[in-house]
Amino acid sequence: MLRYYSKRSQGEAIQTNTKPHHDDVWVHASVVSLEDLAILTDRYELAPNVIRDARDISELPRIEYGGDTTLYLFLRTPRLSKHGEVYTSPILSIIRPDRFFTLGYSDTFQPDEII
């Protein structure tokens, strides 16, 4: 499910919504679905062949550029298993002047933990 995080002024707390905003927003999806990807592709004109890789468990870290103002950054986030082993899963960050996106393969990363 897509979540939208925004803040209108310096002293205001960050607001969490399930309805889209147009500017100055952080869009996040954990366990990103094909439906989420379709919505993002249509609404924000993201490259479908690039963001589809957010669902690939084997995706390696890399950077891609989409035009003059979009940066696609693939990372791998670490997580500790129940047996004490460290494993990683991919997360895609998309950076634009007025929007920030994080799309996760799993739920290892939650914006609420940062906020």
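Please refer to the structure placed before this passage.
Here's a quick rundown of the structure. The shown structure was predicted, so the numbers you read here are calculated from the model rather than taken from an experiment.

1. Brief notes about the pattern of salt bridges
(1) Moving on: Counting across every chain of the model gives four salt bridges.
(2) Moving on: The shortest N-O distance in the salt bridge between R62 and D53 comes to 2.8 Å.
(3) Moving on: Accessibility expressed as a relative area gives 23% for R62, which makes it partly exposed.
(4) Moving on: Residue D53 is classed as partly exposed on the basis of its relative accessible area of 22%.
(5) Moving on: E59 is paired through a salt bridge with R62; the nearest N and O atoms lie 2.0 Å apart.
(6) Moving on: Classification of E59 as buried rests on a relative accessible area of 10%.
(7) Moving on: One continuous salt-bridge network, built from bridges that share partners, spans D53, E59, R62 and E64.

2. Considerations on helix α1 (residues 34–44)
(1) Moving on: Those residues of α1 lying buried are D36, L37, L40, T41 and Y44. End-on, the buried residues of α1 take up no more than an arc of 135°, which puts them together on one face. Across from the buried face of α1, at angles greater than 90 degrees, the exposed residues are L34, E35 and D42.
(2) Moving on: For α1, the elements touching its buried residues are β1 (2–6), β3 (25–29), α2 (48–51) and β7 (99–104).
(3) Moving on: Just beyond α1, the residue with positive phi is E45, at close to 55°.

3. Thoughts on the environment of H22
(1) Moving on: In this fold, H22 is placed in the loop between β2 (15–17) and β3.
(2) Moving on: The class for H22 is exposed, based on a relative accessible area of 61%.
(3) Moving on: Sequence spacing of H22 and R99 is 77 residues, and the spatial spacing of their C-alpha atoms is 8.4 Å.
(4) Moving on: With residues near it in sequence (within four places) discarded, H22 still touches D98 and R99.

4. Some words on the nonpolar core
Soluble globular proteins: nonpolar side chains tend toward being buried together.
(1) Moving on: With 19 residues, the main nonpolar core has V27, L40, L46, I51, L92, I94 and L103 as its most contacted residues.
(2) Moving on: Not counting the four nearest positions on each side in its chain, I94 is found in contact with L46, I51, T70, L71, Y72, R99, F100, F101 and L103.

5. Side note on the sheet that holds β1
(1) Moving on: Within the open sheet, the seven strands sit side by side as β2-β1-β3-β7-β6-β5-β4. Their pairing is mixed. Two strands close off the open sheet at either side, each with one partner strand: β2 and β4 (62–66). Geometrically, the sheet is characterised by an average inter-axis angle of 20° between neighbouring strands, direction not taken into account.
(2) Moving on: Where strand β6 (residues 86–95) lies against β7, five bridges are found, and the strand directions are antiparallel. Within β7, the position partnered with I94 by the bridge is F101.

6. Section: the packing of aromatic side chains
For any two aromatic rings, the description comes down to two numbers: the centre-to-centre distance and the angle of the planes.
(1) Moving on: Counted according to the given criterion, the structure contains three aromatic pairs.
(2) Moving on: For the ring pair Y5 and W26, a centre distance of 5.6 Å and an interplane angle of 45° mean the geometry is tilted. Here the residue Y5 occupies a position in strand β1, and W26 occupies one in strand β3, the gap between them amounting to 21 residues.
(3) Moving on: The class for W26 is buried, based on a relative accessible area of 16%.
(4) Moving on: Grouped by ring-pair contacts, the aromatic residues Y5, W26 and F100 constitute a single cluster.
(5) Moving on: Positioned above the aromatic ring of F74 is the side chain of R62, whose terminal nitrogen or guanidinium carbon lies 4.1 Å from the ring centre.

Analysis parameters
Residues numbered from 1 in each chain as written. Predicted model: local features only at pLDDT ≥ 70, side-chain atom pairs only at ≥ 80, totals over all residues. Heavy atoms only, no water. Salt bridge = Lys/Arg side-chain N within 4 Å of Asp/Glu carboxyl O. Buried < 20%, exposed > 50% of the residue type's maximum accessible area, 1.4 Å probe, protein only. Helix = DSSP H or I, 4+ residues; strand = E, 2+ residues; numbered from the N terminus. Arc of directions from axis to C-beta. Contact = heavy atoms within 4.5 Å. Core = buried A, V, L, I, M, F, W, Y, C linked by side-chain atoms within 4.5 Å. Pairing = 2+ DSSP bridges. Axes fitted to C-alpha atoms, helices over the stretch in contact; angles between N-to-C directions. Phe/Tyr/Trp six-rings, centres within 6.5 Å; stacked < 30°, edge-to-face > 60°. Lys NZ or Arg CZ within 6 Å of the ring centre and 35° of its normal.

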